[in-house]
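Residue-level structure breakdown
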Amino acid sequence: MAIKPVIPRVMACRDVEKAIDHYLGEDAPAAALGLVDALERAYAHIGRHPATGSPRYEHELNLPGLRFWPLTRYPYLVFYVERADHIDVWRVLHARRDIPAGLQGEQ
């Protein structure tokens, strides 16, 4: 089994920066570091096992191939599509956010 590289889009990187800034703004640097660790574990997992993510929003939003994987101990979801040679990470959204609105225009 080949491990695919995980490549986040610009919006996914911005999502992560905002989440980190939020934790730092709350004077919670350990939480910010924990988020980064959880994200790295999630990226490693989906690089090895991309089909294990939930296709819930694929059907709901009619976005073929869209899956998501939740971060461990953090309320964030990694939205991605498996490509032939990599994992295309679209967004990293807070689970309580309006997910359909956050994914509009990502096709």
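Everything that follows concerns the structure shown earlier in this document.
To keep things clear, this report deals only with the structure shown in the data block.

**So, the sheet that holds strand S1 (residues 6-8)**
Taken in spatial order, the four strands line up as S1-S4-S3-S2 in an open sheet, and their pairing is mixed. Either end of the sheet is taken by a strand with one partner, and the two such strands are S1 and strand S2 (66-70). The average angle at which neighbouring strand axes cross in this sheet is 35°, direction not considered. Contacts from helix H1 (residues 10-25) reach S1, strand S3 (76-82) and strand S4 (87-94) within the one sheet, and its direction differs from that of S4 by about 35°.

**Remarks on the packing of H1 against helix H2 (residues 29-48)**
The interhelical angle for the contact between H1 and H2, taken along N-to-C directions, is 155°, at an axis separation of 7 Å. It follows that H1 is roughly antiparallel to H2 by the angle criterion. For the crossing formed where H1 meets H2, the hand is right-handed. Only Pro-29, Ala-31, Ala-32, Leu-35, Val-36 and Leu-39 of H2 make contact with H1, whose side of the interface consists of Val-16, Ala-19, Ile-20, Tyr-23 and Leu-24. Taken together, the residues of the contact of H1 with H2 break down into 11 nonpolar, no polar and no charged.

**Quick look at the side chain of Arg-91**
For Arg-91, the position within the fold is in strand S4. The class of Arg-91 is buried, set by a relative accessible area of 5%. Here Gly-102 takes part through its backbone oxygen, which lies 2.6 Å from a polar atom of the side chain of Arg-91.

**What to know about the nonpolar core**
The nonpolar side chains of a soluble globular protein tend to be buried, and buried together. Ranked by size, the top nonpolar core spans 20 residues in total, and within it Leu-71, Tyr-74, Tyr-76, Val-78, Val-89 and Val-92 carry the most contacts. Those elements that provide at least two residues to this core are H1, H2, S3 and S4. If one sorts the elements of this core by residue count, H2 sits on top with eight residues. Contact partners of Tyr-76, with chain neighbours within four places excluded, come to Ala-19, Tyr-23, Leu-35, Trp-69, Pro-70, Leu-71, Val-92, Leu-93, His-94 and Ala-95.

**Quick word on the environment of Trp-69**
Here Trp-69 shows up in strand S2. Under the relative-accessibility criterion, Trp-69 is labelled partly exposed at 23%. C-alpha of Trp-69 to C-alpha of Ala-42: the two residues are 27 residues apart in sequence and 7.1 Å apart in space. Setting aside residues no more than four positions away along its own chain, Trp-69 makes contact with Ala-42, His-45, Ile-46, Thr-52, Gly-53, Tyr-76, Leu-77, Val-78 and Tyr-80.

What counts, and where the lines are drawn
Residues numbered from 1 in each chain as written. Predicted model: local features only at pLDDT ≥ 70, side-chain atom pairs only at ≥ 80, totals over all residues. Heavy atoms only, no water. Pairing = 2+ DSSP bridges. Helix = DSSP H or I, 4+ residues; strand = E, 2+ residues; numbered from the N terminus. Axes fitted to C-alpha atoms, helices over the stretch in contact; angles between N-to-C directions. Contact = heavy atoms within 4.5 Å. Parallel < 35°, antiparallel > 145°, perpendicular 65-115°, else oblique. Left-handed = near helix turned anticlockwise from the far one by under 90°. Nonpolar A, V, L, I, M, F, W, Y, C, P; charged D, E, K, R; others polar. Buried < 20%, exposed > 50% of the residue type's maximum accessible area, 1.4 Å probe, protein only. Polar contact = N/O pair within 3.5 Å; in protein donor to acceptor, adjacent residues only side chain to side chain. Core = buried A, V, L, I, M, F, W, Y, C linked by side-chain atoms within 4.5 Å.

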